[in-house]
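What follows is the residue order along each chain.
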Amino acid sequence: MRGKVQHTTVVLILLSGMLLDGVNTAFCTRSHPYVYHERSHCCKFPRENFAAADGPACDRGPISWSSSCCEGHQFVGCPGVTCDDYLAKGIQAAVVCNERR
């Protein structure tokens, strides 16, 4: 007697530093994984630099979309029009296919 055999295939698509929607949104690169400056730049470190004139947007706090500076000025421009953090968000899609016989 033959039983049912189930095969599962999982495909992960990694799109780090590549366009997500084909037009505007990309991920920061692995070397500069933290997005900041209204999503237009990527920082190497998860902290801001310090510039008194910029107030809380540049006060050595955690880097965020609203930050205006990057620790040590270690930044690159976003590879798309806007970016998201590299980290785990780099896994754009998981496709699971189940086949039963």
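Residues numbered from 1 in each chain as written. Predicted model: local features only at pLDDT ≥ 70, side-chain atom pairs only at ≥ 80, totals over all residues. Heavy atoms only, no water.

**Concerning the state of the cysteines**
The tally for this structure, following the rule as stated, stands at four disulfides. At a sulfur-sulfur separation of 1.8 Å, the disulfide partner of Cys-58 is Cys-69. When the S-S torsion is 110 degrees, as for the bridge of Cys-58 with Cys-69, the disulfide is right-handed. Here Cys-69 lies in the loop between strand E4 (41–43) and strand E5 (75–77) and Cys-58 lies in the loop between E4 and E5, a separation of 11 residues in the sequence. Summarising the burial analysis for this pair, Cys-58 and Cys-69 share the class buried. Here Cys-78 is linked by a disulfide to Cys-83, with a sulfur-sulfur distance of 2.0 Å. On the S-S bond that ties Cys-78 to Cys-83, the torsion sits near 95 degrees, and the link is right-handed. Here Cys-78 and Cys-83 have matching classes, each one buried. Taken N- to C-terminal, the disulfide-bonded cysteines of the protein chain are connected 1-2, 3-6, 4-5, 7-8. (Disulfide = S-S within 2.5 Å. Helix = DSSP H or I, 4+ residues; strand = E, 2+ residues; numbered from the N terminus. Buried < 20%, exposed > 50% of the residue type's maximum accessible area, 1.4 Å probe, protein only.)

**Side note on the side chain of Asp-85**
By the element assignment, Asp-85 lies in the loop between strand E6 (82–84) and strand E7 (91–100). Of note is the side chain of Asp-85, whose polar atom sits 2.7 Å from the backbone nitrogen of Val-35. (Polar contact = N/O pair within 3.5 Å; in protein donor to acceptor, adjacent residues only side chain to side chain.)

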